[in-house]
Number of protein chains: 2
Amino acid sequence: MKKTVFVFSALIIALLLLFKLSRYAYLSGDLSIEIVIGVIAIVFFVVGIYINKKSLQKEKNHFIDHKKIEELGISKREYEVLVQISKGFSNKEIADTLFLSESTIKTHVSNLLVKLDSKRRTQAIEKAKNLQILPI
Amino acid sequence: MKKTVFVFSALIIALLLLFKLSRYAYLSGDLSIEIVIGVIAIVFFVVGIYINKKSLQKEKNHFIDHKKIEELGISKREYEVLVQISKGFSNKEIADTLFLSESTIKTHVSNLLVKLDSKRRTQAIEKAKNLQILPI
DNA sequence: TCAGTACTCATACTAAAGTACCAAAAACAC
DNA sequence: GTGTTTTTGGTACTTTAGTATGAGTACTGA
């Protein structure tokens, strides 16, 4: 969050500087009006694309709602299991990668199904993605 | 595709007009350099955001790769079943909504698993989303 | 019309997934 | 340090999921 504020502040300052600079450059007769307008247009065009890309990244994709996870009472281990499930692994495979027994995974999955109000792991995946607690 | 070309052509023409207009407005003394530059900056900023949003929509989201579906030899019915699976329904539930027997669904699912090179339905969902044959 | 493909369904089976209940370490908060 | 939650694991069971095989029907292109 601090980083975002910093980047935006720097951006605004840079744009204001550009603004002033272009005005000076034009008034002092170094540049024609076409070039000044062209440069301004290109710069703001690129800035628009950049800002939009950043905001979309946070909104749509990789943003995970940690509050929601807490609200639902999903523990760390349970969440780890949920992630593995969403990648299409079986209970046995998850047990092996997390160095646990299959029984443990079954317990975690069962708890997850209750907490996500689902009857099947596929349904749990769907719900989790809709609730933005899993990357879409 | 035709629509895209049209929109872009109109956009470019509008921007060129704006460009010329701003130059004329300034030279004729109606507007100050600050206002001209400001308007140009805002317009190009908005255009940048708009174009970026459009391109990202097509790239990342709701675009379904029908070619890929055909390549994999997935039939219409099979694809319908795949969609239902990805929504978290059981074979029985899918059978009921499509007015088929559970046996038929099992056959379709089995074929899907072969065609998507998967061992489980959850894995099939993952692969299908990566291949962009299911909405992400 | 005939071959090929897609679609449907059944049986019989194996393999996962999921439930219910219990219980003991381990981590954590107060 | 005591109570609470988390994590781990087990047994025994039911329910889904998935495989293998066969077979009839419907549609489609040559």
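Values in this document were obtained by computation on a predicted structure and should not be read as measured data.

Any chance you could explain the overall build of chain A here in plain terms?
Counting its secondary structure elements, chain A contains seven helices and zero strands. Along chain A, helices (α) and strands (β) appear in the sequence α-α-α-α-α-α-α when read from the amino end. Long-range pairs, those at least 24 residues apart, make up 57% of the contacts in chain A with a sequence separation of at least 6. Total accessible area computed for chain A in this model is approximately 8600 Å², and 64% of it derives from carbon and sulfur atoms.

Mind showing me how you'd approach the relation of the copies chain A and chain B here?
Related by rotation about an axis and a shift along that axis, the two copies of the chain form a pair. In the superposition of chain A on chain B (RMSD 0.7 Å, axial shift 0.2 Å), the rotation amounts to 179°. Taken together, the rotation and translation relating the two chain copies correspond to the operation of a two-fold axis. A share of 100% of the interface residues of chain A reappears at the interface of chain B, consistent with the copies meeting face to face through the same patch.

Please clarify how the environment of K127 of chain B should be interpreted in this entry.
Residues and elements named next belong to chain B. Structurally, the position occupied by K127 is in helix α7 (residues 121-130). Residue K127 is classed as partly exposed on the basis of its relative accessible area of 30%. Non-local contacts of K127, meaning those with residues more than four positions away in its chain, are made with L116, D117 and S118.

Would you mind showing me how to read unusual backbone geometry here?
Positioned with a positive phi, D117 of chain A is a non-glycine residue whose angle comes to about 50°. A relative accessible area of 56% means that D117 of chain A is categorised as exposed.

Help me out: how do you make sense of the interface of chain A and chain B in this one?
Interface size, as often reported, equals the accessible area lost upon joining of the parts. Residue-level contacts link 37 residues of chain A with 37 residues of chain B. When the two sides are added together, the surface that chain A and chain B hide from each other amounts to roughly 3200 Å², 68% of it contributed by carbon and sulfur. For the pair chain A and chain B, the interface holds two salt bridges. As a salt-bridge pair, E93 of chain B and R120 of chain A come within 2.8 Å of each other at their nearest N and O atoms. Looking at the side of chain A that touches chain B, the elements that each hand over two or more residues are α1 (2-27), α2 (33-59), α4 (76-86) and α7 (121-130) of chain A.

How should the packing of α7 of chain A against α7 of chain B be read in this particular structure?
Packed helices, taken two at a time, are described by their axes: the angle between them and the distance between them. Orientation of α7 of chain A relative to α7 of chain B, taken along the N-to-C sense of each, is 35°, at an axis distance of 9 Å. Once α7 of chain A is placed against α7 of chain B, the crossing between them reads as right-handed. Between α7 of chain A and α7 of chain B, the residues in contact are R121, T122, I125, E126 and K129 of chain A and R121, T122, I125, E126 and K129 of chain B, respectively.

Sorry, what's going on with α4 of chain A here?
Within α4 of chain A, eight of the 11 residues are buried, which leaves it mostly tucked inside the rest of the structure. For α4 of chain A, the secondary structure elements touched by its buried residues are α3 (66-71), α5 (91-97), α6 (102-115) and α7 of chain A together with α7 of chain B. Positive backbone phi, at 90°, marks G88 of chain A, one or two positions downstream of α4 of chain A.

I keep staring at the nonpolar core and nothing clicks. Help me out?
General note: in soluble globular proteins, nonpolar side chains tend to be found buried as a group. Counting 21 residues, the largest nonpolar core has I74, Y79, V81, L82, I85, L116 and I133 of chain A as its most contacted members. Elements with a minimum of two residues in this core: α4, α5, α6 and α7 of chain A. Ranked by the residues each element gives to this core, the list is headed by α4 of chain A, at five residues. Aside from chain neighbours lying at most four places away, what touches I74 of chain A is I69, Y79, L112, K115, L116 and I133 of chain A. Of all hydrophobic cores here, the second largest spans 20 residues; its members include A95, L113, A124 and A128 of chain B.

Is there a simple way to think about the protein's contact with DNA strand D in this case?
Within the structure, DNA strand D sits among 18 residues, and S75 and R77 of chain A together with K106, S110 and R121 of chain B are positioned closest to it. S101 of chain A places a main-chain nitrogen or oxygen 2.8 Å from a phosphate oxygen of DNA strand D. R121 of chain B has a polar backbone atom sitting 2.8 Å from a phosphate oxygen of DNA strand D. Each residue belonging to the surface near DNA strand D can be placed in one class, and the counts come to three nonpolar, nine polar and six charged.

Calculation notes
- Residues numbered from 1 in each chain as written.
- Chains lettered and ligands numbered in written order.
- Predicted model: local features only at pLDDT ≥ 70, side-chain atom pairs only at ≥ 80, totals over all residues.
- Heavy atoms only, no water.
- Helix = DSSP H or I, 4+ residues; strand = E, 2+ residues; numbered from the N terminus.
- Contact = heavy atoms within 4.5 Å.
- Areas by Shrake-Rupley, 256 points an atom, 1.4 Å probe, with all protein chains shown as cover.
- Least-squares fit on C-alpha atoms with pLDDT ≥ 70 in both.
- Buried < 20%, exposed > 50% of the residue type's maximum accessible area, 1.4 Å probe, protein only.
- Buried area = accessible area lost by both parts, 1.4 Å probe.
- Salt bridge = Lys/Arg side-chain N within 4 Å of Asp/Glu carboxyl O.
- Axes fitted to C-alpha atoms, helices over the stretch in contact; angles between N-to-C directions.
- Left-handed = near helix turned anticlockwise from the far one by under 90°.
- Core = buried A, V, L, I, M, F, W, Y, C linked by side-chain atoms within 4.5 Å.
- Near = heavy atom within 4 Å.
- Polar contact = N/O pair within 3.5 Å; in protein donor to acceptor, adjacent residues only side chain to side chain.
- Nonpolar A, V, L, I, M, F, W, Y, C, P; charged D, E, K, R; others polar.

Read these as spatial facts, not as claims about activity.
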